[in-house]
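Summary of the model geometry
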Amino acid sequence: MRIDILTLFPEMFAGPFSESILKRAAEKGLLEIHFHQIRDYTHDKHHVVDDTPYGGGAGMVMKPEPVVEAIESVKRLSDAESRTILLSPSGKLFSQGIAAELALKSRLILIAGHYEGFDERVRSYIDDEISIGDYVLSGGELPAMVIVDAVARLIPGVLGCGESHVEESHSQGLLEYPHYTRPPEFRGTPVPAILLSGNHAEIAKWRRKESLKRTSERRPDMLAGVALSKADRKTLAELNSEPEA
Ligand SMILES: CC(C)(C)c1cccc(C(=O)NCC2(NC(=O)c3cccc4nocc34)CCCC2)c1
């Protein structure tokens, strides 16, 4: 997969993308990431990318010309079909499902905004608009990093066989069960005995129950998107009938 990122701050990506799985994915030739400075697509002496908003109001708006010229120029760099994505607070909410869809593309072009956002006419040149969540951010760079990380992990071969495939529980759409490792007792708190029993069938049942319990308590909204077995429904019914601990 090829990912092109259009940004005013390419240097922001040096750290997160130079380590972790993204570096190894690049080394394995599974993923190539290119950065493009939107300012390079201006033609005036001061490389102006923003201007005051028509209609008045505070803040600045990103001019359409540099962004659209950057999109068109970057698209020409590869014949592979590309998906052009605007990172924006008004976009559809990013999710594991969307990450899975994007991981199937051969090419992504991500555009990170600044100031108050983009001139509306930029939207005629993009395919998708994605938001990573409802909070005010300084720019679209961190959202771009989040999306690249979530998508890269789903590209076959990027995650070594040894690395944790969190997808199992996520593909089931439940929150994770409690994790434990050595020591068997930490400041008086032991690891649940079931996990030391070696009874893998019982351990799997315990983990599923704990995931359902935690999801039901903290993110009941996630249950709607989960395929629940009869045993799961029984577990949830028992959890709901149990008196509050
Ligand atoms: C209602 C609420 C969501 C809180 C809201 C309303 C209005 C503006 C903003 C806001 O944050 N504007 C600033 C910018 N934000 C983002 O780019 C951005 C923010 C959040 C998730 C994202 N996912 O991708 C890009 C994202 C836009 C241009 C510069 C940064 C946020």
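Before any of the text, the structure's been laid out above.
The rules we used
- Residues numbered from 1 in each chain as written.
- Predicted model: local features only at pLDDT ≥ 70, side-chain atom pairs only at ≥ 80, totals over all residues.
- Heavy atoms only, no water.
- Patch = residues over 30% accessible without salt bridge, like charges linked within 9 Å, V, L, I, M, F, W, Y side chains within 5 Å.
- Areas by Shrake-Rupley, 256 points an atom, 1.4 Å probe, with all protein chains shown as cover.
- Salt bridge = Lys/Arg side-chain N within 4 Å of Asp/Glu carboxyl O.
- Helix = DSSP H or I, 4+ residues; strand = E, 2+ residues; numbered from the N terminus.
- Near = heavy atom within 4 Å.
- Polar contact = N/O pair within 3.5 Å; in protein donor to acceptor, adjacent residues only side chain to side chain.
- 1 Å grid on protein atoms, 1.4 Å probe; cavity = no way out; pocket = protein on both sides within 12 Å on 5 of 7 lines; lining within 4 Å.
- Sits in = over half its atoms within 2 Å of the grid points.
- Nonpolar A, V, L, I, M, F, W, Y, C, P; charged D, E, K, R; others polar.

Okay, a nonpolar patch on the surface next. A grouping of Phe9, Met12 and Leu142 is seen on the molecular surface, where their side chains present a nonpolar patch of about 250 Å² in accessible area. Inspection of the secondary structure puts phenylalanine 9 in the loop between β1 (2–7) and α1 (14–18).

Taken together, 18 residues surround the ligand, and among them Ile132, Gly133, Tyr135, Val136 and Leu137 come closest. The separation between a nitrogen atom of the ligand and a polar main-chain atom of isoleucine 132 is 3.0 Å. Within the backbone of leucine 137, an N or O atom sits 3.0 Å from an oxygen atom of the ligand. Look at the ligand: alone it shows 610 Å² of surface, and the protein chains cover 75% of it. The pocket occupied by the ligand, as judged from atoms lying within 2 Å of grid points, is the second largest pocket. Elements represented by at least two residues in the shell around the ligand include exactly β5 (83–93) and β7 (128–131). The dominant element in the shell around the ligand, judged by the number of residues it contributes, is β5, at three residues. Tallied by class, the residues present in the shell around the ligand amount to nine nonpolar, eight polar and one charged.

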